[in-house]
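A look at the structure
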Amino acid sequence: MAKINDFIYKHIGLLSLYTAITAFISFSDELTAETESIFYDIFHYISLPIPYLSFFRHEAFNYEVYIDDSSFYRIGFELPAFLLLLFIGAIVYIISKKAEKRLLQFCYAIILLASIVSLLVGIMMSFLVDNYIHNMLMFIVYILKTILVIYISYIFLKRSSQDTPNKVVNEEEIYMGNGETYTLTAKKASKGQRFLHYLIDPIVIILIFSRYIYILSDRFQTTVNLENEESKLMLVFLIISILYYLFFEGIFKTTPGKYLTQTIVVSLGKERVSFGQILGRTFARKIPLEPFSFFGRLGWHDMFPKTTVVQKQTHKSYSAFVIAILLAYIMVILVVLFKHYNRYY
């Protein structure tokens, strides 16, 4: 097993390129509505499955594929946009000789959780919905490939996190409101980095989970109305966000947003943060007005469980390059969405 793990970690750049390219080719075939072609079947067998991402099925993110003059189906832009980011992350990782990994870590964090959720929902639906499985062989292959993707993602995230030490600075004294004092030897995350976490992680939660609200709605013939059931959706988002932070910070001590900023959760009182502290952080986030507490020295979800977020060592020579790539990527996505929006509205 150790040799398999070493192989995965050593060749994760090439595996990522293979995954992005084959998944995009498979997705492109869907755009032609030729879902019964041999070409389509071949790529569905040899490609690694990347779960669909969705932003509440908003029309601005959808592309209409016409089967004939009177019928069509919609495909979201979110998946090809994500595959492009995975491809870019793999290229940067290879060119930098594995030194710059934040884009790839961000992508695999999303792939890991989205694949787990997709697998669980698929298995659940196969038991609850009649005729859900149209092709048993392809369903079994899908399950096996999804488990493989989950395993690859987990190994890469675990190994890559261990290979990146925290950024060490001169000792910093942190004073708590009750008079306690803690000494921190790693550089704290900046307020700008913490703000990015507040922006990025909720978007990731929506991209991973919003699709399944509608899947369950469609299958069981219930209606999800964003205007009339706002409180219901807020409750669902509350539960999902708790699970999201418990999963990532409990296992990896970080989140997708923190992977992008190369930061990690640490304990103020000892070297390794405990799951109890992660639990405290997660529920403290739900205190009303908690985000505003970060205008002080420590936010409430840091202060109560006695944790904080520190920076990991990064290669400065690649930081500006990654920022430029992300800005260009965002601009391209915005231009595509703007043109698509103008076309239909």
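Data block above holds the structure.
This write-up is about the structure you can find in this document. Remember, it's a predicted structure, so these values are computed and weren't measured experimentally.

The next thing to look at is the side chain of Gln277. Within the element layout of this structure, Gln277 appears in helix α10 (residues 275-284). Within the structure, Gln277 has its side chain in polar contact with the backbone oxygen of Lys306 (distance 3.3 Å).

Let us now look at empty space enclosed by the protein. It is the rolling of a water-molecule-sized probe over the atoms that shows where space remains empty. The full count for this structure, using the stated rule, is 2 cavities of 30 Å³ or more. By volume, the largest cavity amounts to about 80 Å³. Forming the boundary of the largest cavity are 11 residues, of which Ser161, Thr254, Tyr259, Thr263 and Lys312 lie nearest the centre. Of all the elements in the fold, those that place two or more residues in the lining of the largest cavity are α9 (256-261) and β5 (263-267). Residue composition of the lining of the largest cavity, by class: 3 nonpolar, 6 polar and 2 charged. In terms of lining, the second largest cavity is formed by Leu15, Thr19, Leu48, Ile50, Tyr108, Ile111, Val149 and Ile152. In the lining of the second largest cavity, the residues fall into 7 nonpolar, 1 polar and no charged.

Ile12, Leu104, Tyr108, Leu113, Phe156, Leu157 and Ile208 are the most contacted members of the largest nonpolar core, which totals 61 residues. Element by element, the count of residues in this core is highest for helix α5 (residues 102-128), at 15 residues. Ignoring anything within four residues of it in the chain, the contact list for Tyr108 reads Ile12, Leu15, Ser16, Leu86, Ile152, Ser153, Phe156 and Leu157. With 9 residues, the next largest nonpolar core counts Tyr182, Ala186, Ile264 and Leu298 among its residues.

Together, Tyr18, Ile42, Tyr45, Ile46 and Leu137 give the surface a local cluster of nonpolar side chains, amounting to about 460 Å² of exposed area. Top contributing element to the nonpolar patch by residue count: helix α3 (residues 38-46), with 3 residues. Among the secondary structure elements, Ile42 is positioned in helix α3. Residue classification places Ile42 among the partly exposed residues on the basis of a relative accessible area of 42%.

Further remarks concern the pattern of salt bridges. Summed over the entire model, instances satisfying the criterion amount to 7 salt bridges. Measuring nitrogen to oxygen at the nearest pair gives 3.0 Å for the salt bridge that ties Glu249 to Lys258. The exposure class assigned to Lys258 is buried, which follows from its relative accessible area of 2%. Between Asp302 and Arg281 there is a salt bridge whose closest N-O contact spans 2.4 Å. Of this pair, Asp302 sits in helix α11 (residues 300-303) while Arg281 sits in helix α10, placing them 21 residues apart in sequence.

Our next topic: the packing of α5 against helix α6 (residues 136-162). Running from amino to carboxyl end, α5 crosses α6 at an angle of 150°, the nearest separation of the two axes being 9 Å. By the criterion of interaxial angle, the relationship of α5 to α6 is roughly antiparallel. Helix-helix and strand crossings are classified by hand; for α5 and α6 the assignment is left-handed. Along the lines of polarity and charge, the residues of the contact of α5 with α6 split into 18 nonpolar, 9 polar and no charged.

Thresholds applied
Residues numbered from 1 in each chain as written. Predicted model: local features only at pLDDT ≥ 70, side-chain atom pairs only at ≥ 80, totals over all residues. Heavy atoms only, no water. Helix = DSSP H or I, 4+ residues; strand = E, 2+ residues; numbered from the N terminus. Polar contact = N/O pair within 3.5 Å; in protein donor to acceptor, adjacent residues only side chain to side chain. 1 Å grid on protein atoms, 1.4 Å probe; cavity = no way out; pocket = protein on both sides within 12 Å on 5 of 7 lines; lining within 4 Å. Points joined across faces, edges and corners; volume = space filled by probe spheres on them. Nonpolar A, V, L, I, M, F, W, Y, C, P; charged D, E, K, R; others polar. Core = buried A, V, L, I, M, F, W, Y, C linked by side-chain atoms within 4.5 Å. Buried < 20%, exposed > 50% of the residue type's maximum accessible area, 1.4 Å probe, protein only. Contact = heavy atoms within 4.5 Å. Patch = residues over 30% accessible without salt bridge, like charges linked within 9 Å, V, L, I, M, F, W, Y side chains within 5 Å. Areas by Shrake-Rupley, 256 points an atom, 1.4 Å probe, with all protein chains shown as cover. Salt bridge = Lys/Arg side-chain N within 4 Å of Asp/Glu carboxyl O. Axes fitted to C-alpha atoms, helices over the stretch in contact; angles between N-to-C directions. Parallel < 35°, antiparallel > 145°, perpendicular 65-115°, else oblique. Left-handed = near helix turned anticlockwise from the far one by under 90°.

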